Each structure stands twice: as C-alpha cells, then as structure tokens.
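Residue-level structural notes
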Amino acid sequence: MTREELMKKAFDSIVEADEDMAAEELEEGKAMGVTCVEMLQEGFSKGMNELGDQFGRGEIFLPELIFATEVMSVATDAVDEELAAKGEVTEKGKIVIATVEGDVHDIGKGICVSMLKASGFDVYDLGREVPADDYIAKAQEVNADIIGSSALLTTTMVVQREIEEKLEAAGLKDKFKTMVGGSPVTSRWAEKIGAT
C-alpha cells in the first residue's frame, strides 16, 4: 500500500463513519512508519472537512456528523497515546478551550483540539456549555497562554465578548491571548470584542 492509498483509506474511514477501518489504518500506518499525527493531518482531518462541507450543503445530517466525530476520536486518542509515549515536552504553550455556555456544538472545537495537540500544544478542553468565569479560572489555574472559545450559535457569541470583558475587569487582559471560533464568528467580530 502506498502512503497516498493509506491517507485515502483514513479519509474514507471518517466519511463512512467506520471505526474498525480507522483502527486498521492506524495500525497499517504504524507498520509503514507513518505517525498518527501525520495520519490525522493528511487523512482523518480531511475526511472531517469533507463531511463539514457536505453538512453545510445539506447533503448529510447531524447524526451522520456525530457518528463521524466518534470515529475521529479513535484517531485523536491514538495521537494522544503516541505523543505521550514519545514523552514529547510541549514547548508551544498551554491552551484552555471550550464551547461557550448555552452552546452544545463541539465538533469543530474537537477537531481544533486534536490539531492543536498534534502541533505540540498542551490543551485543556473544558467541554461544552462552559461559562465565561470557568475559562478564566482554569486559565489562571494552569497558567495558560491562550484562552480559546467556540460558539456556533449567534445567540451564544455574546459569551465570547463576556470573556473579554471579564478579563479586562480582572486586569488579566494582557496575561492571556484569546482566540474565538465557530461558524458565525468572523475576524471582524474578534476585532470588535478585543480578542487578541
């Protein structure tokens, strides 16, 4: 099997939501000397991107996307194990990340977490429906460099602004960099609320 065929199968395992295929391809990759990180970046993540596009076009529905994210977790778990086994020391920084309060969508955030981990960041994923105060408390507790918030509903984007305001009020605005994401989030919104 060529590397290209391996990545295509990793891609297909996500698109087809086939957990067994994903596990097989990870083993095949290991036998070929391809790291889990490489497979995540070149195969599995591309499959998730394809499904995200299909979802956006209305060609698939939420349950199919959820099944695929469960398969994606097989790949991200393998990446975590691989990085832990290598004893790699994170030098790029610590990130506290979550989906904001009132929002249960975390597929995109989950992919972001996987890619950040694969890139060498120490990631603290607080999950979903997380209040602004919890982001700040955790960031202080772990001495984070970055606070990342995801909002997929326009109605929950206000929590991203709330995080910025609370950091400002506590005199912590210069201590943490902040990044915002989610389908309705734009660079204009980030600039407006003061995300840095």
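Note: the structure precedes this text.
Residues numbered from 1 in each chain as written. Predicted model: local features only at pLDDT ≥ 70, side-chain atom pairs only at ≥ 80, totals over all residues. Heavy atoms only, no water.

1. Some words on a negative patch on the surface
A surface patch of negative charge is lined by Glu19, Asp20, Glu24 and Glu70. Within the element layout of this structure, Glu70 appears in helix 4 (residues 62-86). (Patch = residues over 30% accessible without salt bridge, like charges linked within 9 Å, V, L, I, M, F, W, Y side chains within 5 Å. Areas by Shrake-Rupley, 256 points an atom, 1.4 Å probe, with all protein chains shown as cover. Salt bridge = Lys/Arg side-chain N within 4 Å of Asp/Glu carboxyl O. Lys, Arg positive; Asp, Glu negative; His and termini not counted. Charge placed at Lys NZ, Arg CZ, Asp CG, Glu CD. Helix = DSSP H or I, 4+ residues; strand = E, 2+ residues; numbered from the N terminus.)

2. Quick look at the sheet that holds strand 3 (residues 146-150)
Spatially, 2-1-3-4 is the arrangement adopted by the four strands of the open sheet, whose pairing is parallel. Whereas interior strands pair on both sides, the edge strands pair on one side only; in this sheet they are strand 2 (122-125) and strand 4 (177-181). With strand direction ignored, the average angle separating the axes of adjacent strands in the sheet is 20°. Sheet topology note: the strand 3/strand 4 ladder contains five bridges and is parallel. (Pairing = 2+ DSSP bridges. Axes fitted to C-alpha atoms, helices over the stretch in contact; angles between N-to-C directions.)

3. Notes on the nonpolar core
The nonpolar side chains of soluble globular proteins are, as a tendency, buried together. Residues Ile14, Leu26, Met39 and Phe44 are the most contacted members of the largest nonpolar core, which totals 25 residues. At the level of elements, helix 1 (3-15), helix 2 (19-32), helix 3 (36-56) and helix 4 are the ones that each hand at least two residues to this core. When residues of this core are assigned to their parent elements, the largest contribution, nine residues, is made by helix 4. Contacts of Ile14, omitting those with residues within four sequence positions, involve Phe44, Gly47, Met48, Leu51, Ala68, Val71 and Met72. Core analysis: the second largest hydrophobic core is formed by 23 residues, Val96, Ala139, Met157 and Leu172 among them. (Core = buried A, V, L, I, M, F, W, Y, C linked by side-chain atoms within 4.5 Å. Buried < 20%, exposed > 50% of the residue type's maximum accessible area, 1.4 Å probe, protein only. Contact = heavy atoms within 4.5 Å.)

4. Here we look at helix 6 (residues 132-142)
If you check which residues of helix 6 are buried, you get Ala132, Tyr135, Ile136, Ala139 and Val142. The buried side chains of helix 6 occupy one side of the element, clustering within an arc of 145° when seen end-on. Contacts from the buried residues of helix 6 go to strand 1 (94-99), strand 2, strand 3 and helix 7 (157-169). At the C-terminal side of helix 6, Asn143 shows a positive phi close to 55°. (Arc of directions from axis to C-beta.)

5. Quick look at the pattern of salt bridges
Using the criterion set out here, one finds 12 salt bridges in the structure. Ionic pairing is found between Asp12 and Lys8, a salt bridge with its closest N-O pair at 2.7 Å. Taken together, the residues span about one helical turn, with Asp12 and Lys8 both in helix 1 at a distance of four residues. Lys8 sits in the partly exposed class, given a relative accessible area of 45%. Across the salt bridge formed by Arg128 and Asp106, the nearest N and O atoms sit 3.8 Å from each other.

6. Structural notes on the environment of Ser45
Along the chain, the position of Ser45 falls in helix 3. Note: C-alpha distance between Ser45 and Ala10 (35 residues apart in sequence) is 9.0 Å. Once residues lying within four places of it in the same chain are set aside, the contact partners of Ser45 are Leu40, Met72 and Met115.

7. Observations regarding the packing of helix 1 against helix 2
Remark: helix 1 packs on helix 2, axes separated minimally by 9 Å, with the N-to-C direction vectors making an angle of 160°. Between helix 1 and helix 2, the angle falls in the class roughly antiparallel. Classified by chirality, the crossing of helix 2 by helix 1 is left-handed. Taken together, the residues of helix 2 that come into contact with helix 1 (itself represented by Arg3, Leu6, Lys9, Ala10, Asp12 and Ser13) are Met21, Ala22, Glu25, Glu28, Gly29 and Met32. Partitioning the contact of helix 1 with helix 2 into residue classes produces five nonpolar, two polar and five charged. (Parallel < 35°, antiparallel > 145°, perpendicular 65-115°, else oblique. Left-handed = near helix turned anticlockwise from the far one by under 90°. Nonpolar A, V, L, I, M, F, W, Y, C, P; charged D, E, K, R; others polar.)

That's the geometry; what it means functionally is another story.
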